[in-house]
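Structural features, examined
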Amino acid sequence: MSKSYVVANPRGIPAGIPILAVRRAGEEKQWYEGDTIAPADAFSPEGWRDLLAQGLVREVT
Amino acid sequence: MAKSTGLGDKLFSHGRDLSGDVGSVQRIETLVSLLEVTGIDSSTVERAQGISDGALEFNAWFNDNGAANRAAGAGSTHVVLSTLPTTNILLMYCRGASLGSVCAALSALQVGYGGQRGADGSLAFSVATQAAAGAPLEYGELVTAGKITHASASTSTGSVAAAATTFGGVGYLQGFSIATGTATVVIQHSSDTTNGVDGTWATLLTFANTSATWPIGERKTVTGTVNKGLRAQTTGTFTNAVFAIGFRRGASGDRESLA
């Protein structure tokens, strides 16, 4: 079964402000704390790895 | 590496664009005191670095923008500068007004407003400011192309550095005007952008005082990793927010570690 992830907020960004955004080919999507997100949502595998490394996404068990 | 002049430079003071009224800038200085710590076993002076400091001094032409605006201070550097604000102001001297332009930022107190009427009929005022918030004059780069306008919540094209850094950083906001509503202004960073537009972006720093009445200025620090891409974003419900943002990446030798 594939893993599931949600957006985390390690920097304590105030509520109501997007934590993440991905812009691709002129279109932008935003995520708030607690939103579900998948590796394919990131702009690149490198971007996804950075999100994991910075604790911006966490696996949901 | 190219030499440059100071043509086309800007001077912002706590959300006011003074550029058109400033005739010259005498001092843009970051400095550190030296302490003599010579031991009796030394025949030459020994020194150690003490506290740091900063100063920015300039001459402004008299401009009260006419009787209609004197009370409000709109567009009037005279009204703004002559009051000698009692609270800290954030100044930014920008070497150009392009994305990535070098900027010097100083959170300071204004210590003087001295006028001179020259024999040639000129009327200029010297303005002195000194560091007052525990931070010296700091050099960074513009994250916006100078003063920009967001008509509504949006993002701007960002800058891309050679690589990420891990020593935190300092963001500087100059909020000039906002027509209606309240805007939240943030800096986002990205590890995978190549052009400052596309990429995976995360909110790095949120300026806290944007709900106050504009014009505003704010200096805010952030710790840890700062990715190579930086861009400005506004959120909320508002119209026509005019602002400028600078950012200084931390370094390993910083006095205040933001790692």
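Our subject in this report is the structure included herewith. None of these values were measured; they are calculated from a predicted model.

Cut-offs used in this document
Residues numbered from 1 in each chain as written. Chains lettered and ligands numbered in written order. Predicted model: local features only at pLDDT ≥ 70, side-chain atom pairs only at ≥ 80, totals over all residues. Heavy atoms only, no water. Helix = DSSP H or I, 4+ residues; strand = E, 2+ residues; numbered from the N terminus. Rg over C-alpha atoms; globule rule 2.2 N^0.38 Å. Buried < 20%, exposed > 50% of the residue type's maximum accessible area, 1.4 Å probe, protein only. Contact = heavy atoms within 4.5 Å. Areas by Shrake-Rupley, 256 points an atom, 1.4 Å probe, with all protein chains shown as cover. Lys, Arg positive; Asp, Glu negative; His and termini not counted. Charge placed at Lys NZ, Arg CZ, Asp CG, Glu CD. Pairing = 2+ DSSP bridges. Axes fitted to C-alpha atoms, helices over the stretch in contact; angles between N-to-C directions.

Here the focus is the overall build of chain B. Across its full length, chain B holds 2 helices and 16 strands. Over its C-alpha atoms chain B spans a radius of gyration of 20 Å, differing by no more than 12% from the 18 Å that the globule rule assigns to 259 residues. Reported as C-alpha extents along the three principal axes, the dimensions of chain B are approximately 70 × 60 × 35 Å. Looking at the 259 residues of chain B, the share that counts as buried comes to 46%. Contacts in chain B between residues at least 24 apart in sequence constitute 73% of all its contacts with a sequence separation of at least 6. Looking at chain B as shown, the accessible area adds up to about 11,800 Å², and 51% of this sits on carbon and sulfur atoms. Within chain B, the 18 negative side-chain charges are centred at a point lying 6 Å from the centre of the 16 positive side-chain charges.

What follows concerns the sheet that holds strand 1 (residues 4-7) of chain A. Sheet strands associate in pairs through backbone hydrogen bonding, adopting either a parallel or an antiparallel arrangement. Residues and elements named next belong to chain A. Spatially, 3 strands are ordered 4-1-5 in an open sheet, and the strand pairing comes out antiparallel. Either end of the sheet is taken by a strand with one partner, and the two such strands are strand 4 (36-37) and strand 5 (57-60). One ladder, built from 4 bridges, connects strand 1 with strand 5; its direction is antiparallel. What sits directly across from S4, in strand 5, is V60. Against the sheet, helix 1 (residues 45-53) makes contact with strand 1, strand 4 and strand 5, and its axis sits at roughly 80° relative to strand 5, the strand it touches most.

Our focus in this paragraph is the sheet that holds strand 10 (residues 159-160) of chain B. Within the open sheet, the 6 strands sit side by side as 3(A)-2(A)-13(B)-12(B)-15(B)-10(B). Their pairing is antiparallel. Of all the strands in the sheet, the pair left with one neighbour each is strand 3 (27-31) of chain A together with strand 10 of chain B. Bridge count between strand 2 (residues 20-24) of chain A and strand 13 (residues 199-206) of chain B: 4 bridges; the pairing is antiparallel. Paired with A21(A) across the two strands is W201(B), which belongs to strand 13 of chain B.

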